[in-house]
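Inside the fold
Chain by chain, the residues run as shown.
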Amino acid sequence: MNTQELVIELSKGISNLTIGHIIMLAVGGILIYLAVAKEYEPVLLLPIGFGCILANIPLTGMTEGQGLFAVLHSAGIGNELFPLLIFIGVGAMIDFSPLLSQPRMALLGAAGQFGIFATLILATVLGFPLNEAASIGVIGAIDGPTSIFVATKLAPNLLAPIAVAAYSYMSLIPIIQPPLMRLLTTREERRIRMVYAPTPISRRVLIAFPIIVTLIVGILVPDATPLISMLMLGNLLRDSGVVERLSKAAQNEIINIATLFLGLTIGSTMSAGSFLNVETVAILLLGLFAFVLDTVAGLIFGKILCVVSGRTINPLLGAAGISAFPMAGRLVARMALDEDFDNMVLMHAMGANTAGQLGSVMAGGVLLALVTGLLG
Amino acid sequence: MNTQELVIELSKGISNLTIGHIIMLAVGGILIYLAVAKEYEPVLLLPIGFGCILANIPLTGMTEGQGLFAVLHSAGIGNELFPLLIFIGVGAMIDFSPLLSQPRMALLGAAGQFGIFATLILATVLGFPLNEAASIGVIGAIDGPTSIFVATKLAPNLLAPIAVAAYSYMSLIPIIQPPLMRLLTTREERRIRMVYAPTPISRRVLIAFPIIVTLIVGILVPDATPLISMLMLGNLLRDSGVVERLSKAAQNEIINIATLFLGLTIGSTMSAGSFLNVETVAILLLGLFAFVLDTVAGLIFGKILCVVSGRTINPLLGAAGISAFPMAGRLVARMALDEDFDNMVLMHAMGANTAGQLGSVMAGGVLLALVTGLLG
Amino acid sequence: MNTQELVIELSKGISNLTIGHIIMLAVGGILIYLAVAKEYEPVLLLPIGFGCILANIPLTGMTEGQGLFAVLHSAGIGNELFPLLIFIGVGAMIDFSPLLSQPRMALLGAAGQFGIFATLILATVLGFPLNEAASIGVIGAIDGPTSIFVATKLAPNLLAPIAVAAYSYMSLIPIIQPPLMRLLTTREERRIRMVYAPTPISRRVLIAFPIIVTLIVGILVPDATPLISMLMLGNLLRDSGVVERLSKAAQNEIINIATLFLGLTIGSTMSAGSFLNVETVAILLLGLFAFVLDTVAGLIFGKILCVVSGRTINPLLGAAGISAFPMAGRLVARMALDEDFDNMVLMHAMGANTAGQLGSVMAGGVLLALVTGLLG
Amino acid sequence: MNADLSYALQITLIGMCLVFGAIVLLWGIMAALVRFLTPPTPALPEADEVPKAITEIELKQRAAAAAVSYALSHQRQQEAHLFPLPPTAFVSAWQAVMRSTQLRQRGPR
Amino acid sequence: MNADLSYALQITLIGMCLVFGAIVLLWGIMAALVRFLTPPTPALPEADEVPKAITEIELKQRAAAAAVSYALSHQRQQEAHLFPLPPTAFVSAWQAVMRSTQLRQRGPR
Amino acid sequence: MNADLSYALQITLIGMCLVFGAIVLLWGIMAALVRFLTPPTPALPEADEVPKAITEIELKQRAAAAAVSYALSHQRQQEAHLFPLPPTAFVSAWQAVMRSTQLRQRGPR
Ligand code: NA
Ligand code: NA
Ligand code: NA
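Below: a short report on this structure.

Conventions we followed
- Residues numbered from 1 in each chain as written.
- Chains lettered and ligands numbered in written order.
- Predicted model: local features only at pLDDT ≥ 70, side-chain atom pairs only at ≥ 80, totals over all residues.
- Heavy atoms only, no water.
- Helix = DSSP H or I, 4+ residues; strand = E, 2+ residues; numbered from the N terminus.
- Buried < 20%, exposed > 50% of the residue type's maximum accessible area, 1.4 Å probe, protein only.
- Contact = heavy atoms within 4.5 Å.
- Areas by Shrake-Rupley, 256 points an atom, 1.4 Å probe, with all protein chains shown as cover.
- Lys, Arg positive; Asp, Glu negative; His and termini not counted.
- Charge placed at Lys NZ, Arg CZ, Asp CG, Glu CD.
- Core = buried A, V, L, I, M, F, W, Y, C linked by side-chain atoms within 4.5 Å.
- Donors = N, O, S within 2.8 Å, 3.2 Å for Na, K, Ca; no water.
- Axes fitted to C-alpha atoms, helices over the stretch in contact; angles between N-to-C directions.
- Parallel < 35°, antiparallel > 145°, perpendicular 65-115°, else oblique.
- Left-handed = near helix turned anticlockwise from the far one by under 90°.
- Nonpolar A, V, L, I, M, F, W, Y, C, P; charged D, E, K, R; others polar.

**Quick notes on the overall build of chain A**
On a plain count of helices and strands, chain A comes out with 22 helices and zero strands. A principal-axis box enclosing the C-alpha atoms of chain A has dimensions of 85 × 45 × 45 Å. In chain A, which comprises 376 residues, the proportion classed as buried is 70%. Considering only contacts within chain A whose residues lie at least 6 apart along the sequence, 78% involve residues at least 24 apart. As displayed, chain A has an accessible area near 11,000 Å², and 65% of this comes from carbon and sulfur atoms. For chain A, the centre of its 18 positive side-chain charges and the centre of its 21 negative side-chain charges are spaced 12 Å apart.

Following this line, the structure appears as C-alpha cells:
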C-alpha cells in the first residue's frame, strides 16, 4: 500500500461526504434538537434523528447487507412487526372507559379522518399514483403505527418521508392545533360546559369491549385487523386483570424496545439519496395539509354537533377526534380551561380522543381495502 | 370500480366467513372466558384464545407470508425458540431444594409419565402413525414447552391441537385430579402424615445440581438436552447468586415476552380449516386420557410406595409427580389439608412435583430418541 | 428394532463422547467456577461456560440447523446485533463527565491501545495471516463487543477463542494488572496526588458530546461507526433526560437479554473440534501478551506524562487507559488508595478509563479499515 | 379528469361513509355492551327525585373531580412505574416524626 | 398386530424402564451431591440424643413452618417484584408514629 | 521479512498515529464543547482572590467527596434499580421513631 492509496483509504469518509449528506445530518440534528430541547415526542424523534445522522455518514455499511439497520429493517419494518408491537403497548395504556361511558363521543372520531381522504385527492391531483397518494393521505390518520403499516403495504418507497411526517407533525400538535381552534370557534363556544354524568362501566364491559371490537372490525374491514387487533389485545391484557405480567411486559419491555428500534430504523431510511428530493418536500407539505384538514373537519363537525345537541357539546371536542392520542385530548381540555378555569371537559375529550384512535385505524384499513381492491 | 364490485370487495370479510370460522371464534371466546373468569392459566389461555379468534377472521393475512403470526411462527415456534426461552424463565423460578433435601421423592416423578406411553399405544391402535401417536402421547408430559418441543420435531402438523390440549388440560388440573385422588385413595391414606426433617442444602449443592443434571441427562438422552439444559440454565442463573441481572431478565422480560408470543402463535394455528376435524377431537380425547392415566399411575405408584415404606409416604404425593408444576404440587398439599387441617405435606409435594418436571422432560427426550431412532 | 440397534441408539451419547469433549466440558466447568466462586465478570463467563458445556455434549443438534445456538448465532452474532445492543446498554451506563471536565485525561486512552498493534506484529511473525493476526490483536482492545465485532468481520473462524480470551482476561484484570503496576512504578510515583478542580459540565455539553463524537469518528473512521454510534446512542438516551423509558430499556432489558444470548452463543462456538488445537493455545497466549502490553504501554506513557507535567499526573492512571471499563479505573483508584489512604484519584482514573473505552473502539475501527483496505 | 382522480373521489366518498358507518356501529355496540353487560346495581336510591336533585353545579364538580383524578392517574402512568408502591411509605420518615410530635402535643400536659 | 403397535409397545416398555432408570440415577446423584458437597457443619450438638428428642410434634411444626414460608415466598415470587425492597420502609410511616408513641409510654411518668 | 509482517509494521505505525491523532482531536473537541456550550455562570464571586484561596487541602477534600459520591452512584447503578426511589422513604421507619424520641429529648422538661 503506497502513501497515495493510504490517504485515499483513510479519507474515504470525508471524500464521499456530499452536500446532501450534510443537509441530512443537519436535519437529523434538528430532529434531535426538537426532541431534547422542545420535548416533542422525544421517544420517537430522538431515535429517528439519530438514525438519520447515521444513515448519512458515508460508507458505514449500516443500512446494507448484514448492517444493523438492514437487519432491524427486515426484522421489524418490512413485516410490520414493530408497529404492531407498539400497538400492543399502546392498547395496554389506553383506558376506554371515558368513551364507553359516553358512547356518543364516538361520533367525533369519524370527522377527524377527513384529512386522509382530502389529502389523497390533492396528492392525486399533484400527480402521485394512487398507491402513493393513499400512503401520503394516511399521514392524516395522525397515528404513527397506522401510517407505517399502510405505507409499508402500499408504497414502501415512501416510508421514510411518511413516517417522519407522521411523527414530526404529531409532536407539533401543540403548535398546529391551537390557532385553528381559535380561528374556527367563538369564545362562547369554547366556554360551553358539558354535563358529566357517566354510566359506571363494569369490568365485564371493559373486557368484552376489545374482543367485540376486534371481531366486528376484523370481519367488516379485514385489512385493519392486524392494527386494531393488536391495539385491542393490549387493552385486553390490561383490563382482564388476570395477566398482570403480560400487561406490564406490553407497557414496558415490548413497547420500549420496539419504539427504539422503530425510530432508529425509520431514521435510517432518511438517506440523502432517497430523501432529498421534491417528492419529499411535497409529501411533507401534503402531510401538514392533512393535519390541518383533520383538525378543521373535526372542529366543523364539532360545531354541527354543538348546534344539533342544543349547545350541550363543546365544539372544541372535535379537535380531539383526530387521534394523536393522548396529546390532542389533553390539548383540548387545556384550551377549554384557558377560556374558563372552571370548565372541565377532559373526560369528554379523552372519550373523543380514543374514538379518534379507533377511527384512525379503521380509516387506514378502509383506505387499504379500497386501494388494494382497485389496484389488485 | 362499479357498485357490484365494490359491494363484493367491502363484504369480502363476511362473505368468506364459514360456519367453521364461527365455531372456532366461539372456541377462542371460551378459552378467553376460562382464562378471565376462571383464571385457568390465564397467561397462556388468554393469548391462545385471542390468537384463535384472529386466525378465524377471514382474509386478514396474519398467518401467511409476512403476516404477524407467520413471522412469529418462523421466529420462535418452528425453531423451538419460544418454548426454550420459557424454560429458562421456568428454571429461574424453580426451587429444587425441597427435592434435594428428600431425594427419594424423585421416584414419584417417574410413575407420573406412564400416561405418555399408554396414550402412544392407544393412539397407534386408533390408527395414528407412530410419529403422530408419539406427539399425542407427549401431551401426557403435562408440560407445555415439552409438548410443543416434541410435537414440532415429530408431527408439526398436529402442533395446534397438541399445544391446546396440553395447556388447556394443565389449566384444568384442579378439576381433573381431585375426583381421581378421592377415588383411588382411602381417607386413611390421605391422612397419612409425613416426617419433615430435611437435610440442609448448601449453596454449593444448589449450584452443582443444574450443571450435573445437564451433563448426565445430556449425555444419556441427547434429544432431551435442549429442554433440560435451558431449564437448568435458568436454575443456575437463579441459584448462582452472582448474575442477579440475568436471573431477573429470565424471570421477567424473557419469559413474559416469549409466553405472550407463544400463546398468540399457538392460538393462530387453530384455523377452522386445519383444526375442525375428527383428528382434533380424537387428539383432545386422547390428551384427556393421558392426563387421567398419568394421575392414576402416579397415585397407584404412590400407594405402592406407601405400603413398601410402612405407611410413611402419603400416596397423594403420587399425583404431584405428573409435572404440571407448580399447580399439581399445591393441589396435593391442599387435598391433604382438607382431610386433616394439620397435615402439612407441601414440601414433599413440591419435591415430587419438581421431580415430575424433570421426569417429564426426560420422558419427552426418551420418546423423541426412540421414535427418531425407529423412523430414521 | 433389535436389541443391538436399541443399545446403539440409546448409548449414542456416551459412545460419541471423545476425550476432546471431556476436556472442553472441564473448560466450561472452570469458566463457570471462575464466574461463581471468584465472581470474575459472571454475567459473561457463566453463560459462556454453560454454552461451552452444551456445545460439547454430543449429538444434541443445538449448534446445527434450526438448533437453539444456530438460531441465536444467525440472529445476533453473524450480523453483530448482540455486541451492538450491548454497546447501547454500556453507553447508557457510562458517565462521560469525569472525562469532559478533564479533557487532557483523553491522552491516556491512546497509549493503552499499543498492545493491539504489537500483538498483530507478533501474530504475523508466528505465521497467522493478516486478517487473523489483526483479529487476534484486537483482543488488546480489552473490550468484548469491539473484539467480537472486528473478529466477526475479519476472521469469523477464530471468533470463539478471541471472544473467550477477551472476556476471560477482562475478568482477570484484578490479577493481571497489579503486579505490572508495582513493577513499573515506584512507590513515590504511585503516591502522587492530583488536584481535582473540574470544570462543571452543563447538560448541553453532555448532550452534544455523543452526537459530535458520532459525527467526527463516523466521518473519519467509517468502519468504527456501528460500534461508536451505538455506544453514543446509549449515552445520548441517558444524558438527554427526556427518554427515561428508552434509557431504562437500554440499561436493563436490552443489555441483559443481549448479554445472556451473546454469552451462550459464544460459549457454544467452543466445540472440541474447532477449539481444541494449537491455534487456540497460541491465540490465548497472544491475547495475554496483548493485555500485558497494553498495561505496560499505558503505564510507560503515564510515566512520561508524569515527568512532562511536572509530577502532577499519577502514572498509575496509564493503566486505566486500556479500556476494560469500569474495572481498570476502579483498580487504579484502589492501588493509589492502598499506597496512601488519602489519595483519591478515582475521578481521574474514570476519565482515563472512559477515554480508553473510546480509544479502543477507534483503534478497532482503524485496524478494520487498514486491514480491509490492504486485503482489498 | 384522469382515472386516478376519479378513483380518489370515489374512495373519499365511500371511505368517509364507511368510517362514519363503522363509528355509528361502534356507538351502537358500546351502548349495547354497557346496557346488557352491566350487572344490575343494588338499586338503593329507588326514589326517583334524587337524580333530579343533582344540580348542575354538582355535575360540574363531579366532572372536575373525575378530570383531576384521570389526569393524575394518566400522569402517573406516563412515569411508567414498574410496580405500584404503597403510598404511605412515601410519607417521608421525617414527616412521620413531625406528625408524631403533633400527636403528643394534643391536649394540655 | 400391526408394526406400529408393536413398536409402540416396545417404546413403552423401554421408555418406562429408561425413565425409571434415569430417575433412580437422579436420586443417586442428588444423594451423592448432598453428601459430598455439603460443607461440614460446626457440629455443635454432638450429643447424639438431641436429634432423637425431636418429637413427632416438633417435626410437624417444622413442616408446617417450612410449608408456610415456602408458600409465602412462592406467592411473592408470582407477583413478579422487580427488585426486593427493604421491608422496614414499608412499615407505614403512620405506624412508625404509633410505635414512637408507645415507646414514650413505657414506664410511668 | 515477508509481506504480511511488512504490512503489520505499516499498520502499527499508521494505526498508532491515527489513534493518537483521533484522541488529540477528541481532546480538542471536548475542550471546545466545554468552553462554548457551558452557559455563562452567574459569575457571583468575581473577586479573583477567592479561587486562589482554595488550598490544596480543600481541593483534595473536594476530590475525595467527588470520588465517594461517584463510587456510590456507580455502585447503585450496578444494582440496576429500575427506578429511583426517594431516599427519605428508606430511612427505616424505626429510625424515624428514634429520631422522634431524640426530638422530644431536646431541652429540659
Ligand atoms: Na386520525
Ligand atoms: Na409428566
Ligand atoms: Na483497549
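**Here we look at the nonpolar core**
Most often, soluble globular proteins keep nonpolar side chains buried together rather than apart. In terms of nonpolar packing, the biggest core is built from 489 residues, with Met230(A), Leu358(A), Met230(B), Leu358(B), Met230(C) and Leu358(C) touching the most fellow members. Not counting chain neighbours up to four residues away, the residues in contact with Leu358(C) comprise Phe96(C), Leu99(C), Phe209(C), Ile228(C), Leu231(C), Met232(C) and Leu26(F).

**Focus on the coordination of the sodium ion (ligand 2)**
Residue and element names in this part refer to chain B. For the sodium ion (ligand 2), the protein coordination sphere consists of Gln113 (OE1), Ala141 (O), Ile322 (O) and Ser360 (OG), at 2.4 to 2.5 Å. On the primary sequence, the residues serving as donors to the sodium ion (ligand 2) are separated as Q-x27-A-x180-I-x37-S. Within this pair, whereas Ala141 is found in the loop between α10 (130-137) and α11 (144-154), its partner Ser360 is found in helix α21 (residues 346-375), the two being separated by 219 residues in sequence. Ala141 sits in the buried class, given a relative accessible area of 0%. You can call Ser360 buried: its relative accessible area is 0%.

**Some details on the packing of helix α6 (residues 81-93) of chain A against helix α17 (residues 244-268) of chain A**
All names here are of chain A. Two elements in contact, α6 and α17, have axes separated by 8 Å at closest approach and are oriented at 140°. Between α6 and α17, the crossing angle belongs to the class labelled oblique. Remark: the crossing between α6 and α17 carries left-handed chirality. Of the residues in α17, those in contact with Phe82, Pro83, Leu85, Ile86, Ile88, Gly89, Val90, Ala92 and Met93 of α6 are Ser247, Ala250, Gln251, Ile254, Ile255, Ala258, Thr259, Phe261 and Leu262. Partitioned by chemical class, the residues of the contact of α6 with α17 number 14 nonpolar, four polar and no charged.

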